[in-house]
Amino acid sequence: MASFNYTDEQYQSAVDEAGDGGGGGEPLPKGPYNVYVESEKWIASKKFPGDETKQSFELTLVVFDGPYKGRKIWATLYGIAPGFQPANENEQKAVQISRAALFNWAQACGYTTQALQNTPTLHGKPFCANVKFIPEKPNPSDASKPYAAKNDVRNDFKPLDP
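Predicted model, so just to flag it, every value in this text is computed and none were measured.

Trainee: Teacher, can you tell me more about the overall build of the chain here?
Mentor: Helix and strand content of the chain: two helices and six strands. A buried classification covers 35% of the 162 residues belonging to the chain. Accessible surface, the chain: about 9700 Å² in total, of which carbon and sulfur atoms supply 51%.

Set out below in structure tokens:
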């Protein structure tokens, strides 16, 4: 992980300059990126419409420095909606990964989960996210429409190096 030294003024300046950025273009290369969470939202399940316990929780992260400054990355957490009951081993694993991601996000921003009352408290707080690159892969349902390359950010959040 690279070391960066930022004052509060430098960080705020980077946030201001990033503007709304955008996620356009190719996925980011694999590696650590200094980011902050710009927003979050609940996403209804396509498989279980109307079942609020099956919603996903999506975080919009913004890179605030380096050559990819202003780019957005999305992290989707599953199985954390109130009342969600895992139906199988895969869902149980998704819950474990998502809860670990929330815990790591809070810690990366200097909070313990006990001290954290709600996730919007963490918006705009800088941290480092280890971004994965997932290459394009075949679509078994339609060979003419492969799944596009994308980034994945799940659970590898760390505080910025001092």
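Back to the write-up after that little detour.
Trainee: Looking at this model, I keep getting lost on the layout of surface pockets. Mind explaining?
Mentor: The method is simple in principle: a probe with the dimensions of a water molecule rolls over the atoms, and the space it marks as empty is what remains. If you add up the space inside the largest pocket, you get close to 780 Å³. What lines the largest pocket is a set of 33 residues, and nearest its centre among them are Ser56, Thr76, Tyr78, Lys150 and Arg154. Listing elements by their share of the lining of the largest pocket, those giving two or more residues are strand E3 (72–78), helix H2 (89–108) and strand E5 (150–152).

Trainee: How should H2 be read in this particular structure?
Mentor: Side chains of residues three or four places apart in an α-helix project in the same direction, reflecting 3.6 residues per turn. Spanning 20 residues, H2 covers 28 Å between terminal C-alpha atoms, matching the ideal 28 Å at 1.5 Å per step. Packing partners of the buried residues in H2 comprise strand E1 (31–43), strand E2 (56–63), E3, strand E4 (127–134) and strand E6 (157–158). Measuring from the backbone nitrogen of Asn90 back to the side-chain oxygen at the start of H2 gives 3.0 Å, which picks out Asn88 as the cap.

Trainee: Just checking my understanding: could you explain the nonpolar core for this structure?
Mentor: Generally speaking, soluble globular proteins have nonpolar side chains that are buried together. Among the nonpolar cores identified, the biggest contains 23 residues, and Leu61, Phe127 and Phe157 are the most heavily contacted of them. Of all elements in the fold, only E1, E2, E3, H2 and E4 reach the threshold of two or more residues within this core. Those residues in contact with Phe157 that sit more than four places away from it in its chain are Leu61, Ala101, Asn104, Trp105, Ala108, Phe127, Cys128 and Ala129.

Trainee: Even after reading the chapter, I still don't get the side chain of Lys72, so can you show me in this structure?
Mentor: Here Lys72 lies in strand E3. A polar contact is formed between the side chain of Lys72 and the side chain of Glu38, at a distance of 3.0 Å.

Trainee: Would you take a moment to explain the environment of His123 for this structure?
Mentor: Among the secondary structure elements, His123 is positioned in the loop between H2 and E4. The spacing of His123 and Val37 is 86 residues in sequence and 5.0 Å in space, taken between C-alpha atoms.

Trainee: Looking at this structure, how should I read the pairing of E1?
Mentor: The side chains of a regular strand alternate, residue by residue, between the two faces of the sheet. Sheet topology note: the E1/E4 ladder contains five bridges and is antiparallel. Paired with Val35 across the strands is Phe127, a residue of E4. Here E1 runs beside E2; their pairing, made up of eight bridges, is antiparallel. When the sheet's bridge partners are listed, Val37 is paired in E2 with Leu61.

Here is what the cut-offs are and how they apply
- Each chain has its residues counted from 1, following the order in which its sequence is written.
- Local features are withheld for residues below a pLDDT of 70 in this predicted model, meaning they are given only at 70 or higher, and side-chain atom pairs are given and counted only at 80 or more; totals for whole chains, interfaces and linings count all residues.
- To get the side-chain values, take all heavy atoms of the structure and skip hydrogens and water.
- Helix and strand assignments come from DSSP, with helices taken as H or I runs of at least 4 residues and strands as E runs of at least 2, each series counted from the N terminus.
- Partly exposed residues are those whose accessible area sits between 20% and 50% of the maximum for their type, while under 20% is buried and over 50% is exposed, using a 1.4 Å probe and protein chains only.
- The method behind every accessible area is Shrake-Rupley, applied with a 1.4 Å probe, and residues are considered shielded solely by the protein chains displayed.
- Cavities and pockets are defined on a 1 Å grid built over the protein atoms alone: a cavity is a set of grid points where a 1.4 Å probe fits but cannot escape, while a pocket is an open set with protein on both sides within 12 Å along at least five of seven lines, and lining residues are those with an atom within 4 Å of any such point.
- Grid points are joined across faces, edges and corners, and a volume is the space filled by probe spheres set on the points.
- Expected span, for any helix, means 1.5 Å times one less than how many residues it has.
- The contact criterion used is simple: two residues touch if any of their non-hydrogen atoms lie within 4.5 Å.
- We define a polar contact as two N or O atoms separated by no more than 3.5 Å, with the added condition that, inside protein, one atom must be a possible hydrogen donor and the other a possible acceptor, whereas residues neighbouring each other in sequence contribute only through side-chain atom pairs.
- Throughout, nonpolar core names a set of buried Ala, Val, Leu, Ile, Met, Phe, Trp, Tyr and Cys residues whose side chains join them through atoms within 4.5 Å.
- Strand pairing is assigned whenever DSSP identifies at least 2 bridges connecting the two strands.

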